[in-house]
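Coordinate analysis (summary)
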Amino acid sequence: MSKARVIAFYLPQYHPTDNNNKWWGNGFTEWTNVAKAKKMYPGHYQPKIPADLGFYDLRMPQVYEQQAQLAREAGIEGFCYYHYWFSANHQELDLPFKNVVEAKTPDFPFCLCWANESWYSKFWNKDGSASKQLLAEQQYLGTDDNTTHFYALLDAFKDERYMKVDGRLLFLIYNPFSFEKFEEFKTQWNQLAIENELPEFYFVAQTLYAERIDKVLAMGYDGVNHCHRLDNIIRYKFLRRVLNVVKRVVKIPFIIPYKTAIKNVVDSQDYNKNVFPTMMPNWDHTPRSNDGGSVLHNSTPELFQEHAKDILRTTIDKPQSHKIVFLKSWNEWGEGNYMEPDLKYGKGYITALHNAISDYDK
């Protein structure tokens, strides 16, 4: 059997920036929220403390090598770095990816996901809603900005480590529905790629809803990365209503047993050639949102291994280049959504994914 392609989303947040200092206080990084997290109900696994890599700083080049080595152990093909381009005059968290490209290390494949959403300061309410204050506005300024955007990433696109699908450069768009001029962008970037002796792009859009997959493809995207909204994992509307009522009465987050959630995450469309499903080791948004967050409760490496096997099976009959599964995520510690070793499970999730991929590749 041909090899599965697991690509892990990578959050480049773990270093101080001028705007984060201004918005949240000097030295703020994602670790600030992670370290102050508290248990919010009996049996709640918090705080989650990193083990092997510690509270790392992505200004330190050795961290990238250590992360790549752990990812190789897990069987991950490469990282998909979140990319924050609000306009030519405003980017955020771009230092880590620039370091990887400029230093030519680690020798580990990568691609990019344009996280094309405005940033807000969110104040979470008891019912899970949030009040927002705009921090950084996502803009789509047209031809000149598109050109500047392309050339800002040209060295990455020319890098031998940049991942491809069907020989084309893999580039993800986080929010396709806010990007009304995508077709113009697609045409322009493909032309710029040709002018720079590069292959064209394989554009993949993300969606949380299986019922929107066909709509996304009709917008001109080549593929779709499908993930699930947590509340949609619970298929019984009555149970969802009960959980929401409990959440409003008792000051706790929205809780879904991981064991239940993983039974309902494979959709029939995930078997399609140009649909790439998502596996998720865990989720716990409470470090950022307290009782306004959601939790996949009692995730374990053993349960994740079974979940990973189920997701990988959707790719068995796909062409090799399309045997892609996205992993959410490598290091989203503030969402409890990570593969890196922690004090409770060590390398348990890395071993679990390695085992699932090894079984698939036999």
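The model shown is predicted, which means the values in this text are computed figures rather than measured ones. As a convention, each chain's residues are numbered from 1 in the sequence order in which they are written. Side-chain atom pairs in this predicted model are given and counted only at pLDDT of 80 or more, local residue features only at pLDDT of at least 70, and totals for whole chains, interfaces and linings cover all residues. Side-chain descriptors were evaluated using all non-hydrogen atoms of the structure, hydrogens and water having been removed beforehand.

1. So, the overall build of the protein
Only DSSP runs of H or I with at least four residues qualify as helices, and only runs of E with at least two residues qualify as strands; both kinds are numbered from the N terminus onward. When helices and strands are counted, the protein shows 14 helices and 16 strands. Throughout, radius of gyration means the C-alpha value; the globule benchmark is 2.2 Å times the number of residues raised to the power 0.38. Computed over its C-alpha atoms, the radius of gyration of the protein comes to 20 Å, within 12% of the 21 Å expected for a compact globule of 362 residues. Taken over the C-alpha atoms alone, the protein extends approximately 60 × 50 × 40 Å along its principal axes. Expressed as a percentage of the 362 residues in the protein, the buried residues total 55%. The buried label applies to any residue whose accessible area, calculated with a 1.4 Å probe on protein chains only, is under 20% of its type's maximum; exposed applies above 50%, and partly exposed to all values in between.

2. Examining the packing of aromatic side chains
Note on ring pairs: Phe, Tyr and Trp rings are taken, using the six-membered ring of Trp, and paired if centres are within 6.5 Å. Classes follow the plane angle, with under 30 degrees stacked, over 60 edge-to-face and the rest tilted. Summed over the entire model, instances satisfying the criterion amount to 48 aromatic pairs. For a Lys NZ or an Arg CZ to count as sitting over a ring, it must be within 6 Å of the ring centre and within 35 degrees of the ring normal. Here R212 stacks its cationic end above the ring of F177, 5.5 Å away from the centre of that ring.

3. Observations regarding helix 13 (residues 301–313)
Multiplying 1.5 Å by the helix residue count minus one yields the expected span of that helix. Spanning 13 residues, helix 13 covers 18 Å between terminal C-alpha atoms, matching the ideal 18 Å at 1.5 Å per step. Of the residues making up helix 13, those classed as buried are P301, F304, Q305, H307, A308, K309, I311 and L312. Taken together, the buried residues of helix 13 touch strand 1 (5–10), helix 11 (258–261), strand 12 (275–279), strand 14 (324–327) and helix 14 (348–361). Between two residues, a contact is recorded if the distance between any of their heavy atoms is within 4.5 Å.

4. Considerations on the pattern of salt bridges
Any Lys or Arg side-chain nitrogen found within 4 Å of a carboxyl oxygen on Asp or Glu counts as a salt bridge. Summed over all chains, the structure comprises 14 salt bridges. Close ionic contact of D94 with K98 constitutes a salt bridge, the shortest N to O distance being 3.0 Å. Accessibility expressed as a relative area gives 28% for D94, which makes it partly exposed. Each of E30, R288, K328, E332 and E335 takes part in a single network of salt bridges with overlapping partners.

5. Observations concerning the environment of M40
Position of M40 among the secondary structure elements: in the loop between helix 2 (30–36) and helix 3 (61–74). For M40, a relative accessible area of 23% puts it in the partly exposed group. Along the chain, M40 and T286 lie 246 residues apart, while their C-alpha atoms are 8.3 Å from each other. Residues in contact with M40, not counting those within four places in the same chain, are K251, I252, P253, T286, N290 and D291.

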